[in-house]
Amino acid sequence: MKTTTSHPKPPLAAAAPFDSERLLRESGLRVTRAAQTVLELLEHSSQPLTHEEVAAAYTAAAGEAPDRVTVYRVLDRLVEAGLCDRRVGADRVNRFSRHVEAESGNTFECDQCHKVLALPSDPELPKVMGRLGKALRKQGIDTRHTALTLHGTCGECAR
């Protein structure tokens, strides 16, 4: 059963058109007001958001407070569908952002604002990751996926 929203979407930004409905459908997710609103909030956010920040932004955008459990479930579904990333910071808090597609598969995360940026490709990196994988296999560890996340301070936070 397809569910569509009969409520108008809250205006979030005057940026390029973002079709949350299409993305949700293509990912096999139900199109609900909550799913669209959360996805749009993450799309237009300049940094990853905690569950509480998503709920507060939802309230500001929609003019009504969302059900907290619904927000948790929507975030989980968006992560499972690959539309969003969940990262656990050094403070052990989950933060959510739109999925960052890095050609290299590797990212940088600012430890202060938690912004995630794609790292540029480097022809030497696959060799290094291969050597690490080989060393792990010698220890009986079989890796299926490797990705590198560098942590530090972004240029904006460094100012």
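Residues numbered from 1 in each chain as written. Predicted model: local features only at pLDDT ≥ 70, side-chain atom pairs only at ≥ 80, totals over all residues. Heavy atoms only, no water.

Points about unusual backbone geometry
For residues besides glycine, phi is generally negative; the peptide bonds are generally trans as well.
Next up, step 1: A positive phi angle is found at His114, which is not glycine, with a value near 70°.
Next up, step 2: With respect to the helices and strands, His114 occurs in the loop between strand 3 (107–110) and strand 4 (116–118). (Helix = DSSP H or I, 4+ residues; strand = E, 2+ residues; numbered from the N terminus.)

Here's the deal with the nonpolar core
Next up, step 1: If you look at the biggest cluster of nonpolar residues, it comprises 23 residues, and the most contacted ones within it are Leu24, Val38, Leu39, Leu42, Leu78 and Leu83.
Next up, step 2: Put simply, the parts of the chain that give this core at least two residues each are helix 1 (20–26), helix 2 (33–44), helix 3 (51–62) and helix 4 (68–80).
Next up, step 3: It is helix 2 that provides the largest number of residues to this core, a total of 6 residues.
Next up, step 4: For Leu78, the contacting residues outside a window of four places in its chain are Leu24, Leu29, Val38, Leu39, Leu42, Leu83 and Cys84.
Next up, step 5: Judged by nonpolar contacts, the second largest core, of 5 residues, contains Phe108, Cys113, Leu119 and Cys154. (Core = buried A, V, L, I, M, F, W, Y, C linked by side-chain atoms within 4.5 Å. Buried < 20%, exposed > 50% of the residue type's maximum accessible area, 1.4 Å probe, protein only. Contact = heavy atoms within 4.5 Å.)

Re the sheet that holds strand 4
Next up, step 1: Read across the sheet, 3 strands follow the order 4-3-5 without closing on themselves; strand pairing throughout is mixed. At either end of the open sheet lies a strand with only one pairing partner, and these are strand 4 and strand 5 (149–152). Here the strands of the sheet are splayed against their neighbours by 25° on average, with no regard to which way each runs.
Next up, step 2: Sheet topology note: the strand 3/strand 4 ladder contains 3 bridges and is antiparallel. Residue pairing in the sheet places Phe108 in a bridge with Leu117 of strand 4. (Pairing = 2+ DSSP bridges. Axes fitted to C-alpha atoms, helices over the stretch in contact; angles between N-to-C directions.)

Some remarks on the layout of surface pockets
In this approach, a probe sized like a water molecule rolls over the atoms, and the result shows the empty space that is left.
Next up, step 1: If you add up the space inside the largest pocket, you get close to 210 Å³.
Next up, step 2: When its residues are assigned to classes, the lining of the largest pocket shows 6 nonpolar, 2 polar and 3 charged. (1 Å grid on protein atoms, 1.4 Å probe; cavity = no way out; pocket = protein on both sides within 12 Å on 5 of 7 lines; lining within 4 Å. Points joined across faces, edges and corners; volume = space filled by probe spheres on them. Nonpolar A, V, L, I, M, F, W, Y, C, P; charged D, E, K, R; others polar.)

Quick look at helix 5 (residues 125–138)
Next up, step 1: Taking 1.5 Å as the rise per residue, helix 5 with 14 residues should run 20 Å; its terminal C-alpha atoms sit 20 Å apart, in good agreement.
Next up, step 2: Buried within helix 5 are the following residues: Leu125, Met129 and Gly133. Take helix 5 and look down its axis: the buried residues cluster within an arc of 70°, on one side only. Exposed and facing more than 90 degrees away from the buried side of helix 5 are Arg131, Lys134 and Lys138.
Next up, step 3: Phi for Gly140, located one or two positions after helix 5, is positive at around 85°. (Expected span 1.5 Å × (residues − 1). Arc of directions from axis to C-beta.)

Considerations on the environment of Asn94
Next up, step 1: Mapped onto the elements of the fold, Asn94 is located in strand 2 (residues 94–98).
Next up, step 2: For Asn94, a relative accessible area of 33% corresponds to the partly exposed category.
Next up, step 3: Measuring from C-alpha to C-alpha, the distance between Asn94 and Leu49 comes to 8.2 Å, with 45 residues separating the pair along the chain.
Next up, step 4: The residues touching Asn94, leaving out its near neighbours within four places in the chain, are Leu49, Thr50, His51, Arg86, Arg87 and Val88.

Re the pairing of strand 3
Regular strands show a simple pattern: their side chains alternate between the two faces of the sheet.
Next up, step 1: Residues of strand 3 alternate between two faces, with Thr107 and Glu109 on one and Phe108 and Cys110 on the opposite face, all of them buried.
Next up, step 2: Hairpin connection, strand 3 to strand 4: the antiparallel pair is bridged by 5 residues, and His114 has positive phi, about 70°.
Next up, step 3: Here 4 bridges tie strand 3 to strand 5, and the two strands are oriented parallel to one another. Paired with Glu109 across the bridge in strand 5 is His151.

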